[in-house]
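# Close look at the chain arrangement
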Amino acid sequence: MIYADNAATTKMCKVSIEAMTDCIEKFWGNPSSLYAFGQNAAEKLNQARKTIAECIGADSAEIYFTSGGSESDNQAIISAANIGAKKHKKHIISSTFEHHAVLHALKKLEKENFEIELLDVHENGIILPQQISDAIRNDTCLVTVMFANNEIGTIQPITEIGRICHDKKVIFHTDAVQATGHLPINVVEQNIDMLSMSAHKFNGPKGIGVLYVRRGVPLTTLIEGGAQERGKRAGTENVPAIMGMAAALKESCYNMAKSNKKLIELREKIIDGLSKIPYSVLNGDKKNRLPGNVNFCFEGIEGESLLLLLDDRGICASSGSACTSGSLDPSHVLLAIGRPHEVAHGSLRLSIDENISEADVGYIVRSVTEIVDYLRNLSPLWKDKITGKRKFFLI
Amino acid sequence: MALYSEKVMDHFRNPRNVGSIENADGVGEVGNEKCGDIMRIYLKIDNDVVTDVKFETFGCASAIASSSMATELIKGKNLSEVMHLTNKAVTEALDGLPAHKLHCSVLAEEAIRAAIEDYFHKNQIEYIS
């Protein structure tokens, strides 16, 4: 099997599994218990908190453990909205191509009379800092822009956006679920007030994540109960998963430079190979994207068929077609960067990791090329396009 | 559990009756590019019997499998029978489709009906649908 869907989830790394099993076997006490056995678990929890804080240039006291990216996004947005509401600031700025965890949380706030302004994304999949600067008003309480897009992998100018927000005293949150462990992050240098991450996107376990919150930004508690996480997130801590997450993040950050160098080389080979397919287009900026992300649209075919035939050849990938999204519309990200529905249906996302070999890259390119060709030959749409009865959207 | 039945995957992987028929007696097309599904059915009709049928489909696995199965179901059949092919028959022959994919079988039914109506129209046959 060639696993090329690391943006969906990743395989746990060895050190993460070891950290988890070690914890399950030896440190299974409740960190809230007073006796030494419980406090040993508390000690592990603190170590993990420190490790994670160091990986993103934060302080331990600024790390809150959550169930993952979606919870972190929700808590960050709701917290900022509550801070804003107290000061009669109910304007929130975000973008049209955020993750649904952000978009749906914002939609909910809209019903509570917040004004949500979603900025358009340029065709290359990158928000301009100037757009943020122009959109900020006196009553803006939050800017939330993702670090890197989950579908097309484009990396946003976070440092610049953060600087603008700080200058204008607006809270800046970034959904860094796709970026954490894959791109260098320093919350201080990058002017980030709140940041969401999810362990299973960087070879850690599922169901665990972090919300980083800069000191001085008051959080709203979403899950009431015990005093865990300084009263901001009740529930007995998932210490094994937290230890697994810390180990995975440390390892990812340690290997980042080397791994990214290899990934970029492989990514470029895939992009060059798939670009040779006629009437195809790379989605998102060619260079300013996650090292392992490739996203293409192929005109005249539908993504689900492509995925299933790739699966038959042992390749795991994903698509933004309507049929794979479970809704009538194709990916909101592809629509946000201006791809028409007709083209967005034929999309393919490959998100590779360093376990991919050069030979795998060749096999992926060959397979996609052959399958696209096969599906086009089956497609009345393609036939009409090549005989001039219908127009092409791509050149 | 897989998303699709073995039958669906079989007809998706090895679709029957793919292609077009030159000077077909009836051609039907349904769906649109924006929604991501287009089916085109070609019929050869002799003495009210479908003697040959071909299809071309742009769409997901269930759209391709539904077209393939529908063409198999009508091949060699009398028009009176073909007119009454339902999406339910197509779905059953495929051992079922996921709920959100049932519209693919509806498209297959509609494409075949459109092809027959085209045949009737071309031959100025009055029909009652």
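Read on for an overview of the structure. Since the model is a prediction, treat every value here as computed from it, not as a measurement. (Residues numbered from 1 in each chain as written. Chains lettered and ligands numbered in written order. Predicted model: local features only at pLDDT ≥ 70, side-chain atom pairs only at ≥ 80, totals over all residues. Heavy atoms only, no water.)

## Overview of the overall build of chain B
A tally of helices and strands in chain B yields five helices and three strands. Secondary structure elements of chain B occur, N-terminal to C-terminal, as α-β-β-β-α-α-α-α. What you see for chain B is a C-alpha radius of gyration of 14 Å, in line with the 14 Å of a compact globule of 129 residues. C-alpha extents for chain B along the principal axes are approximately 50 × 30 × 25 Å. Taking all 129 residues of chain B together, the buried fraction comes to 51%. Here the contacts in chain B between residues at least 6 apart in sequence split such that 59% fall between residues at least 24 apart. (Helix = DSSP H or I, 4+ residues; strand = E, 2+ residues; numbered from the N terminus. Rg over C-alpha atoms; globule rule 2.2 N^0.38 Å. Buried < 20%, exposed > 50% of the residue type's maximum accessible area, 1.4 Å probe, protein only. Contact = heavy atoms within 4.5 Å.)

## A short note on the sheet that holds strand β3 (residues 49-58) of chain B
Residues and elements named next belong to chain B. Across the sheet, three strands lie side by side as β1-β2-β3; this open sheet has antiparallel pairing. Only two strands of the sheet have a single neighbouring strand rather than two, namely β1 (26-32) and β3. Mean inter-strand twist for the sheet, computed between neighbouring axes without regard to direction, equals 15°. Sheet analysis places β1 next to strand β2 (residues 37-46), joined by seven bridges and oriented antiparallel. For Gly 26, the partnering residue across the bridge sits in β2 and is Leu 43. Against the sheet, helix α5 (residues 102-122) engages β1 and β2, with an angle of about 145° to β1. (Pairing = 2+ DSSP bridges. Axes fitted to C-alpha atoms, helices over the stretch in contact; angles between N-to-C directions.)

## Structural notes on the packing of helix α8 (residues 303-312) of chain A against helix α2 (residues 61-74) of chain B
As a packed pair, α8(A) and α2(B) sit with axes 7 Å apart at the nearest point and diverge in direction by 90°. The angle between α8(A) and α2(B) falls in the class roughly perpendicular. Between α8(A), through Glu304(A), Ser305(A) and Leu308(A), and α2(B), the contact on the second element is made entirely by Ala61(B), Ser62(B) and Ile64(B). Class assignment of the residues belonging to the contact of α8(A) with α2(B) gives a composition of three nonpolar, two polar and one charged. (Parallel < 35°, antiparallel > 145°, perpendicular 65-115°, else oblique. Nonpolar A, V, L, I, M, F, W, Y, C, P; charged D, E, K, R; others polar.)

## Focus: the environment of Gln130(A)
Its location among the elements puts Gln130(A) in helix α5 (residues 129-135). Once the C-alpha coordinates of Gln130(A) and Ile161(A) are considered, the two residues, 31 residues apart in sequence, prove to be 8.4 Å apart.

## Things to note about helix α2 (residues 36-55) of chain A
Residue and element names in this part refer to chain A. Counted at 1.5 Å a residue, the expected span for α2 with its 20 residues is 28 Å, and the 28 Å between its end C-alpha atoms agrees. Every buried residue belonging to α2 is among Gly 38, Ala 41, Ala 42, Lys 44, Leu 45, Ala 48, Arg 49, Thr 51, Ile 52, Ala 53 and Cys 55, and all of these are buried. On the buried face of α2, the contacting elements are β2 (63-66), β7 (194-198), β8 (209-213) and α7 (239-275). Gly 57 sits one or two positions beyond α2 and adopts a positive phi of about 70°. (Expected span 1.5 Å × (residues − 1).)

## Notes on the pattern of salt bridges
This structure, assessed with the given rule, holds 34 salt bridges over all chains. In this structure, Glu110(A) engages Lys107(A) in a salt bridge whose closest nitrogen and oxygen atoms are separated by 3.6 Å. Note that Glu110(A) and Lys107(A) are positioned in helix α4 (residues 100-111) at a spacing of three residues, about one turn of the helix. Overall, the relative accessible area of 36% leaves Glu110(A) in the partly exposed class. A salt bridge links Glu229(A) to Arg230(A); the nearest nitrogen and oxygen atoms lie 3.8 Å apart. Members of the salt-bridge network, linked through shared partners, are Lys383(A), Asp384(A), Arg390(A), Glu29(B), Arg40(B) and Glu56(B). (Salt bridge = Lys/Arg side-chain N within 4 Å of Asp/Glu carboxyl O.)

Note that every value here comes from positions in space, so none of it alone points to a role or purpose.
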